Amino acid sequence: MSVTTIRIINTHILDAANGHLLPKQCLSIANGHITAVSDVIPDEPADISLDAEGRVVMPGLCDAHVHITAATPDFVALRHWPPSYVTAHAAGILNGMLMRGFTTVRDAGGADFGYAQAIEEGLLIGPRLLFCGHALSQTGGHGDMRLPGDEHTDHCFCCAGLGKVCDGVAEVRRACRDEIRKGAHQIKLMVSGGVASPTDRITSTQFAEDEIQAAVEEAEAANRYVMAHAYTNRAIVRALKCGVRSIEHGNLITQEGIELLKQKQAYLVPTLSTYDRLAREGVEAGMPVALQKKVYSVLDAGIQALETAWQANVNIVFGTDLLGSMHTSQLQEFAIRREVMPASSLIQSATLKAAELFNMSDEIGTLAEGYRADLLIVDGNPLEDITVLQDPERYLKVIMKDGRIYKNTL
């Protein structure tokens, strides 16, 4: 089968690493990868030629914390949805993410091999999917969605839902090995209380240290890593000392946790847009009132944590954690973070830094020879005005993933 070649001419390429534009460039693509970036247009013709007319080409965006199966913020109810119904909802969620310019996303609980394979084969349209399977939780932890009066322990964890309950080192090891067997790109641990879970507190720590260490050992043995849901500084420090690679949320982190993040060269994935949306419309979207009230204990602290981490030069990655109808607010994360971070750093967090965290620095996040052809053509310069990324219908003219064009309004 012949290889389709694509050429993009008359473009300014956004160099995320250095925070500037490379003017008047020509970008060549074949077999899903970038084959050349040059200021000279090759003599040989291409199968498809796109004239950017001076617009900016930038790497596709990454979201390091999504839940593609979370069609409702009520995870207790989600446990009882048939997988077929969840998948029907997930199809729309995935397509929406791609149409906002996200070409790679990391799922933090709920997605599995079937979704990733369906996207790979074109059965579902969406970003490249890095999944963890079910997030691992202790009994009564953030991944245990049983109500206080629910004594049943025989819920089928192969079905819809966020988490899998495991207690003790042996069970944790077995759960990690099983998710890795099923193709998980990373392991997710719940190491503190959370908002959407019915029986824990935000301030609780979860899993004993030997259980966390066991998960890290199993992940590293399979050349994978552990991401950890954690709000309080106490939970964050415990997780980092045990070898966790990325801290999700981190709203209540203090200077101690910040210094340990730097020392361990770990990553912080704030998810500020979800708290804003949950506070505004969580109950309307289906979240129980009692759980929605828990949002306010972390809402205001999130932006302060981001500012502290940014000033300390911590590795910060773009993430959103949106649920249900709130997925449409994915790009609002840029608007919230720009109160603290400049546009160049915001773009790095959603491209280069995300690629580093995913162990994909040689594949995505950069527009250079040999990299995957994940790119956006933008009508405007995001380095000068990040808001052009927040209105994709107006400003995103081309969306490409692996060399395939999913949107073209040039």
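This report concerns the structure included in the present document. (Residues numbered from 1 in each chain as written. Predicted model: local features only at pLDDT ≥ 70, side-chain atom pairs only at ≥ 80, totals over all residues. Heavy atoms only, no water.)

Quick look at the nonpolar core
Working step 1: Counting residues in each nonpolar core, the largest one holds 93 residues, and the members touching the most others are L61, L189, I247 and F334.
Working step 2: When sequence neighbours within four positions are dropped, the list of residues in contact with L61 reads R100, G101, F102, T103, T104, L331, F334, A350, L376 and L389. (Core = buried A, V, L, I, M, F, W, Y, C linked by side-chain atoms within 4.5 Å. Buried < 20%, exposed > 50% of the residue type's maximum accessible area, 1.4 Å probe, protein only. Contact = heavy atoms within 4.5 Å.)

Topic: unusual backbone geometry
It is generally the case that most residues other than glycine have a negative phi and that most peptide bonds are trans.
Working step 1: Here F207, not a glycine, exhibits a phi torsion of approximately 70 degrees, which is positive.
Working step 2: Relative to the helices and strands, F207 resides in the loop between β11 (187-190) and α5 (209-221).
Working step 3: Here the phi dihedral of N359 falls at roughly 60 degrees; this positive angle occurs in a residue that is not glycine. (Helix = DSSP H or I, 4+ residues; strand = E, 2+ residues; numbered from the N terminus.)

As for the packing of aromatic side chains
Working step 1: Going through the model one piece at a time under the given rule, you end up with four aromatic pairs.
Working step 2: Members of the aromatic cluster, connected to one another through ring pairs, are F102, F318 and F334.
Working step 3: The ring of Y225 carries R245 above its face, with NZ or CZ at 5.4 Å from the centroid. (Phe/Tyr/Trp six-rings, centres within 6.5 Å; stacked < 30°, edge-to-face > 60°. Lys NZ or Arg CZ within 6 Å of the ring centre and 35° of its normal.)

Structural notes on the environment of A170
Working step 1: Structurally, A170 can be placed in helix α4 (residues 169-181).
Working step 2: Taking the C-alpha atoms as reference points, A170 and A214, separated by 44 residues in sequence, lie 8.5 Å from one another.

Comments concerning the pairing of strand β16 (residues 375-378)
Remember that side chains alternate between the two faces of the sheet whenever the strand is regular.
Working step 1: Burial of β16 is two-sided: the residues L375 and I377 facing one way and the residues L376 and V378 facing the other way are all buried.
Working step 2: Across four bridges, the pairing between β16 and strand β17 (residues 396-401) is antiparallel. Looking at the pairing, V378 lines up with L396 of β17. (Pairing = 2+ DSSP bridges.)

Topic: the environment of R128
Working step 1: By the secondary structure assignment, R128 is in strand β8 (residues 128-130).
Working step 2: Remark: the alpha-carbon pair of R128 and L98, spanning 30 residues in sequence, is separated by 9.1 Å.
Working step 3: R128 has contacts with T103, T104, V105, M360, I364, R372, D374, K401 and D402, leaving out every residue within four places of it along the chain.
Working step 4: Here the side chain of R128 touches D402 through a polar contact of 2.9 Å, side chain to side chain. (Polar contact = N/O pair within 3.5 Å; in protein donor to acceptor, adjacent residues only side chain to side chain.)

What to know about the side chain of H67
Working step 1: Among the structural elements, H67 can be located in the loop between β6 (61-66) and α1 (75-78).
Working step 2: For H67, the side chain forms a polar contact with the main-chain oxygen of G109, separated by 3.0 Å.
Working step 3: A distance of 3.1 Å separates the side chain of H67 from the side chain of D321, its partner in a polar contact.
Working step 4: Not counting residues within four places of it along the chain, the set of residues in contact with H67 comprises D107, A108, G109, L162, K188, D321, L322, L323 and H327.

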